[in-house]
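# Examination of the molecular architecture
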Amino acid sequence: MCMNCGCMKPDDEHGNSANITYDELRQAAQANGMSVEETIDTMARTAQQAGGSGQSGQYRSPGSQSGTDLGQGGSQQFGS
């Protein structure tokens, strides 16, 4: 989970499946023919473009009326 909390334990989700593990990033990278580093860079650029540069950003997918709370402890919404 160190991928999103800073604990430096890359494969420990701390009992919460919402936390991002290194293995999940590796799988996402592999699925797109990218390295983990490229995937992290793409995620950072996408978050910045979506306006999620702070701890609690609000992302709205194109054409969506509802957003996804990217904030700490926030809820997740998917779909349009």
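For the structure itself, consult the block above.
Residues numbered from 1 in each chain as written. Predicted model: local features only at pLDDT ≥ 70, side-chain atom pairs only at ≥ 80, totals over all residues. Heavy atoms only, no water.

### So, the pattern of salt bridges
For clarity, the threshold we go by: Between Lys or Arg on one side and Asp or Glu on the other, a salt bridge is scored when a side-chain nitrogen of the former is within 4 Å of a carboxyl oxygen of the latter. The secondary structure listing takes helices from DSSP runs of H or I that are at least 4 residues long and strands from runs of E that are at least 2 residues long, numbered from the N terminus. Residue exposure (1.4 Å probe, protein chains only): buried if accessible area is under 20% of the type maximum, exposed if over 50%, otherwise partly exposed.
Inspection of every chain in the model, using the stated rule, returns two salt bridges. Its salt-bridge partner being arginine 26, residue aspartate 23 comes within 2.6 Å of it at the nearest N-O pair. A residue pair is termed a helical-turn pair when its members lie 3 or 4 positions apart in one helix, as aspartate 23 and arginine 26 do in helix α2 (residues 22-31) at three residues. Exposure remark for aspartate 23: the relative accessible area of 30% places this residue in the partly exposed category. Between arginine 45 and aspartate 41 there is a salt bridge, with its nearest N and O atoms 3.0 Å apart. Here the residue arginine 45 and the residue aspartate 41 both occupy positions in helix α3 (residues 36-49), the gap between them amounting to four residues, near one helical turn. Residue classification places arginine 45 among the partly exposed residues on the basis of a relative accessible area of 47%. The exposure class assigned to aspartate 41 is partly exposed, which follows from its relative accessible area of 40%.

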